[in-house]
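Fold and geometry: a report
Now for the letters of each chain:
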Amino acid sequence: MFPKGVGAYVDLMRDLIPEMKDGTVRTAIDTGCGIASWGGDLLDRGILTVSLAPRDNHEAQVQFALERGIPAILGIISTQCLPFPSNSSDMAHCSRCLIPWTEFGN
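In this report, the structure presented in the accompanying data block is examined. (Residues numbered from 1 in each chain as written. Predicted model: local features only at pLDDT ≥ 70, side-chain atom pairs only at ≥ 80, totals over all residues. Heavy atoms only, no water.)

1. A closer look at helix H2 (residues 37-44)
An α-helical turn contains 3.6 residues, so any two residues separated by three or four positions project in the same direction. Among the eight residues that make up H2, six are buried, leaving the element largely enclosed by the rest of the structure. Inspection of H2 places Ser37, Trp38, Gly39, Gly40, Asp41 and Leu42 among the buried residues, and these make up the whole buried set. Buried residues belonging to H2 abut helix H1 (6-16), strand S1 (27-31), strand S2 (48-53) and strand S4 (91-94). Positive backbone phi, approximately 90°, marks Gly46, located one or two places after H2. (Buried < 20%, exposed > 50% of the residue type's maximum accessible area, 1.4 Å probe, protein only. Helix = DSSP H or I, 4+ residues; strand = E, 2+ residues; numbered from the N terminus. Contact = heavy atoms within 4.5 Å.)

2. Thoughts on the sheet that holds S2
Strand order in the open sheet formed by four strands is S3-S2-S1-S4, and the pairing between neighbours is parallel. Two strands lie at the open edges of the sheet, namely strand S3 (72-74) and S4, each paired on one side alone. Averaged over all pairs of adjacent strands, the angle between their axes in this sheet comes to 20°, without regard to strand direction. The pairing of S1 with S2 spans five bridges and is classified as parallel. Of the residues in S2, the one forming a bridge with Ile29 is Val50. (Pairing = 2+ DSSP bridges. Axes fitted to C-alpha atoms, helices over the stretch in contact; angles between N-to-C directions.)

3. Here we look at the pattern of salt bridges
Think of it this way: side chains of opposite charge can pair up when their charged atoms draw near. Scanning the model with the defined rule gives three salt bridges in all. Across the pair Arg45 and Asp11 runs a salt bridge, and its minimum N-O distance is 2.9 Å. With Arg45 in the loop between H2 and S2 and Asp11 in helix H1, this residue pair connects regions lying 34 residues apart in the sequence. In this structure Arg45 comes out as partly exposed when scored by relative accessible area, which is 28%. Linking Lys21 and Asp15 is a salt bridge whose minimum nitrogen-to-oxygen distance equals 3.5 Å. Within the structure, one salt-bridge network assembled from shared partners comprises Asp11, Asp41 and Arg45. (Salt bridge = Lys/Arg side-chain N within 4 Å of Asp/Glu carboxyl O.)

4. Points about the side chain of Ser37
Looking at the element boundaries, Ser37 is found in helix H2. Excluding anything up to four places from it in sequence, Ser37 contacts Phe2, Val6 and Arg68.

5. What to know about unusual backbone geometry
Of note, the phi angle at Asn87 is positive, near 60°, even though the residue is not glycine. Mapped onto the elements of the fold, Asn87 is located in the loop between S3 and S4.

6. With respect to the nonpolar core
Counting residues in each nonpolar core, the largest one holds twelve residues, listed as Phe2, Val6, Tyr9, Val10, Met13, Met20, Val25, Ala28, Trp38, Leu42, Ile47 and Met91. Residue assignment for this core shows that the elements contributing at least two residues are H1 and H2. When residues in this core are grouped by element, the largest group, four residues, is from H1. Among residues more than four places away in sequence, those in contact with Val25 are Glu19, Met20, Ile47, Asp90 and Met91. Core analysis: the next-biggest nonpolar cluster, separate from the first, contains seven residues, Ala36, Ala53, Ala72 and Leu74 among them. (Core = buried A, V, L, I, M, F, W, Y, C linked by side-chain atoms within 4.5 Å.)

7. Here we look at the pairing of S1
Examined bridge by bridge, S1 and S4 share four bridges and lie parallel to one another. Note on S4: the bridge partner recorded for Ile29 is Ala92.

Printed below as a string of structure tokens:
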């Protein structure tokens, strides 16, 4: 998902979204998270991220994320409505949505 690594990917996102640098973005939700590498990188940068794995066959990936100290849940739990109040995240991300963040970057 991250051809040059998650750090380079987040650096490009921060160039496009300045609020990620200045502390405006404090919380994020990551859907389709895999092993939550995006959430882990943001956690190192001071942004708390909860990662949602898409299906219960990703149980091992959620466990791996939790063992790394990254908040994560299975998305199957929230098929009707996310289990969070409105506006509880400053940002949402989906690495599987294939948004070409790098298409217009450096």
